[in-house]
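Summary of structural features
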Amino acid sequence: MKIPILIAAAMLTGNALAESATTSKSTELMDKASADAAVIGTLANQTRVDVMQRTGGWTQVKTSAGQAGWVRMTALRLDASTNSNAAPASGGNVLGALMTSGRTSNTGTVGNGVKGLDKEDIRRSSPNYAELQKMQKFAADKNSAQVFAQRSPLVASNVEYSSQDKTGKRGGN
């Protein structure tokens, strides 16, 4: 009879059992779990947050100042001292989260699938210039790349391009 009382008590506490985490780098706080979502703020490196729920590669968090939003899962380091009690995003409740409490390591994995593109996907596509500008911030000039390669155990290697036939397909495809 004690177990149903424990379960009921846990269900009433809701997300009060949320686990905590720390940002592992400066990261954007989004209004939705999507790369296309609006940026509602920026969390500095080492910002403490409470994890509210997860969906895919995104984690909903809440700061000590009460600001809530979504960050990429890879931008967080979960605290080892807390249990994994964040509410699941798929309509679950704390009961399901209780089943994972007591976890002692952060060994979960996430897989992201890649779907092939067909002609219709390519026809409907459009460039995202804002993401291109973000990506260009990571570009390295030739001198920086050479300095990095010299400090690292990298070895230069020339790779031949595959030949293309008249249909635009590379050899072997």
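Residues numbered from 1 in each chain as written. Predicted model: local features only at pLDDT ≥ 70, side-chain atom pairs only at ≥ 80, totals over all residues. Heavy atoms only, no water.

The next thing to look at is the environment of Ala65. For Ala65, the location among the structural elements is in the loop between strand 5 (58–63) and strand 6 (68–72). For Ala65, a relative accessible area of 75% puts it in the exposed group. (Helix = DSSP H or I, 4+ residues; strand = E, 2+ residues; numbered from the N terminus. Buried < 20%, exposed > 50% of the residue type's maximum accessible area, 1.4 Å probe, protein only.)

Our focus in this paragraph is the environment of Gly69. As for its position among the elements, Gly69 is in strand 6. C-alpha of Gly69 to C-alpha of Lys32: the two residues are 37 residues apart in sequence and 6.9 Å apart in space. Discounting chain neighbours no more than four positions away, the residues touching Gly69 are Leu29, Met30, Ile40, Thr59, Gln60 and Val61. (Contact = heavy atoms within 4.5 Å.)

Attention now goes to helix 5 (residues 142–151). In terms of burial, helix 5 is a largely surface element, 0 of the 10 residues being buried. Measuring from the backbone nitrogen of Asn143 back to the side-chain oxygen at the start of helix 5 gives 3.1 Å, which picks out Asp141 as the cap. (Polar contact = N/O pair within 3.5 Å; in protein donor to acceptor, adjacent residues only side chain to side chain.)

So, about the pattern of salt bridges. Scanning the entire structure with this criterion turns up 7 salt bridges. When salt bridges that share partners are traced, they join Glu120, Asp121, Arg123 and Arg124 into one network. (Salt bridge = Lys/Arg side-chain N within 4 Å of Asp/Glu carboxyl O.)

Position of Thr27 among the secondary structure elements: in strand 2 (residues 27–30). Relative accessible area serves as the criterion here: at 10%, Thr27 is assigned to the buried category. Here the alpha-carbon distance between Thr27 and Thr47, two residues 20 residues apart in the chain, equals 9.7 Å. Among all residues touching Thr27, those that are not within four sequence positions of it are Gly41, Thr42, Leu43, Val71 and Ala75.

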